[in-house]
Amino acid sequence: MSAMPGCPACEADYTYEDGAMFVCPMCGHEWAQAGETSSVEEGSSVRDANGNTLVDGDTVTVIKDLKVKGSSLVVKVGTRVKNIRLVDGDHDIDCKIDGIGAMKLKSEFVKKA
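Named according to an unreviewed UniProt entry, the protein is Alkylphosphonate utilization protein originating from Kushneria konosiri. The record in UniProt for the protein states the following under Sequence similarities (unreviewed entry): "Belongs to the YjdM family."

Below, the structure is given as structure tokens:
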């Protein structure tokens, strides 16, 4: 039986294999068995509903009617949002929508135009 490596994030010894990945049940960190991959790059990439990678300055299209919280306004399907800015947090996209103003959107409700 081979010894499992300790978790690089929390240094716990309770790691286990899950397919081609090692998993730490203490902190939830996952990493590849073949070697340490750059988890910072994977975590920082924001993907749209179709799996395309988004970057600052992209133009996206809304794929679902979105109610604006605290208002009776609705962002309709097909609304194009230009010059997005990616941010960390619950909502991935910071943008300005014509007729509504500054908003934060989740990347799962947009597609790259």
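Asks: Could you clarify how one ought to interpret the pattern of salt bridges in this entry?
Replies: In a structure, side chains of opposite charge can pair up when their charged atoms sit close to one another. By the definition in use, this model includes three salt bridges. For D58, the salt bridge goes to K112, with nearest N and O atoms at 3.5 Å. Of the two residues, D58 sits in the loop between β5 (53-54) and β6 (60-62) while K112 sits in strand β13 (residues 110-112), which places them 54 residues apart along the sequence. Given the relative accessible area of 35%, K112 is considered partly exposed. Of the charged contacts, one joins D90 and K106 as a salt bridge, the two residues approaching to 3.8 Å between their closest N and O atoms. You can see D90 sitting in the loop between β10 (85-86) and β11 (93-97) and its partner K106 sitting in the loop between β12 (101-105) and β13, a full 16 residues away along the chain.

Asks: Would you mind going over the sheet that holds strand β3 (residues 30-32) with me for this structure?
Replies: Sheet strands associate in pairs through backbone hydrogen bonding, adopting either a parallel or an antiparallel arrangement. The three strands are arranged β1-β2-β3 in an open sheet whose pairing can be described as antiparallel. Both outer strands of the open sheet, β1 (16-18) and β3, are each paired with one neighbouring strand and no more. The sheet shows a mean angle of 35 degrees between the axes of neighbouring strands, direction not considered. Sheet analysis places β1 next to strand β2 (residues 21-23), joined by three bridges and oriented antiparallel.

Asks: Explanation requested: the nonpolar core in the structure shown.
Replies: Buried together is how nonpolar side chains tend to be arranged in soluble globular proteins. Counting 15 residues, the largest nonpolar core has V81, C95 and L105 as its most contacted members. Mapped by element, the contributors of at least two residues to this core are β6, β11 and β12. With residues up to four places along the chain from it excluded, the contact list for L105 reads L66, V81, H91, D92, I93, C95 and V110. In terms of nonpolar packing, the next biggest core, distinct from the first, is built from five residues, C7, A12, F22 and W31 among them.

Cut-offs used in this document
- Residues take numbers from 1 onward in each chain, read along the sequence in its written order.
- With the structure being a predicted model, the display of local features is reserved for residues of pLDDT at least 70 and the display and counting of side-chain atom pairs for 80 or more, all residues being used for whole-chain, interface and lining totals.
- Only hydrogens and water are set aside when side-chain values are computed; all heavy atoms of the structure are taken into account.
- UniProt positions are given in the numbering used here, feature names are shortened, and annotations may be inferred rather than shown by experiment.
- What makes a salt bridge here is a side-chain nitrogen of Lys or Arg within 4 Å of a carboxyl oxygen of Asp or Glu, nothing more.
- Strands here mean DSSP runs of E at least two residues long; helices mean DSSP runs of H or I at least four residues long; both are numbered from the N terminus.
- The buried label goes to any residue with under 20% of its type's maximum accessible area, the exposed label to any with over 50%, and the partly exposed label to all in between, with areas taken from a 1.4 Å probe on protein chains only.
- A pair of strands is treated as paired once DSSP finds two or more bridges between them.
- Angles here are taken between N-to-C directions and fall from 0 to 180 degrees, while the axes themselves are lines fitted to C-alpha atoms, restricted in helices to the stretch in contact.
- To qualify as a nonpolar core, a set must consist of buried Ala, Val, Leu, Ile, Met, Phe, Trp, Tyr and Cys residues joined through side-chain atoms within 4.5 Å.
- The criterion used for residue contact is that any of the two residues' heavy atoms lie within 4.5 Å.

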